[in-house]
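Commentary on secondary and tertiary structure
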Amino acid sequence: MPVTAPRGKRRIVVLLAVAALAYALDLLSKLWVVTSLEHRDTPIDVLGSWLRLEAVRNGGAAFGFGQGMTIIFTIIAAGVIVVIARLARKLYSLPWAIALGLLLGGAFGNLTDRVFRSPGFLEGHVVDFIAPAHFAVFNLADSAIVCGGILIVLLSFRGLDPDGTVHRD
């Protein structure tokens, strides 16, 4: 009979795999933006003027909110990572593992920018590049965070807890 990992350990593996994939895609896309897109005079039209790829450095949060408060966003991202690590110990739900993995990967992606990019340590500006018309410019880490957050809201509305229990309120 084959030996299998306990159910909770498998969920942690899923969480880490999703986080690693989200982080890798974000990191690779930002490397491409910095080397190929950042020095272009014009954005790349993907869907005409509806969707463009345009390099933007963002020292704030979504929609450019909080410019000059980069250190606060760095602390928040680090806090999110700590909370997810603590929650992972009681994780027995595959959908929650996916949602938390998306949040973790996205948080690490933007935290990497905050730590290592200019203007300096813990104050770096995030590389954004996905520019839909009439909306904020964002990146793949932001997308992972939003998708993970939406999934958590949906799971909560369905009554599914991270430990796998279902409750009906």
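Scope of this entry: the structure provided in the associated data block. (Residues numbered from 1 in each chain as written. Predicted model: local features only at pLDDT ≥ 70, side-chain atom pairs only at ≥ 80, totals over all residues. Heavy atoms only, no water.)

Right, let's get into the overall build of the protein. On a plain count of helices and strands, the protein comes out with four helices and three strands. Counting helices and strands in the order they occur from the N terminus, the protein gives α-β-β-α-α-β-α. Every one of the 169 residues in the protein was classed for burial, and the buried ones make up 36%. Nonlocal contacts in the protein, meaning residues at least 24 apart in sequence, comprise 64% of its contacts between residues at least 6 apart. Total accessible area on the protein stands at roughly 10,000 Å², and carbon and sulfur atoms take up 70% of it. (Helix = DSSP H or I, 4+ residues; strand = E, 2+ residues; numbered from the N terminus. Buried < 20%, exposed > 50% of the residue type's maximum accessible area, 1.4 Å probe, protein only. Contact = heavy atoms within 4.5 Å. Areas by Shrake-Rupley, 256 points an atom, 1.4 Å probe, with all protein chains shown as cover.)

A cis amide bond links Ser118 with the next residue in sequence, Pro119, at an omega value of 20°. Summarising the element assignment, Pro119 is placed in the loop between helix H3 (94-116) and strand S3 (126-132).

For the rest of this paragraph, the subject is the side chain of Ser29. Turning to its location among the elements, Ser29 is positioned in helix H1 (residues 7-37). If near-sequence neighbours (up to four positions away) are discounted, Ser29 is found in contact with Phe129 and Leu140.

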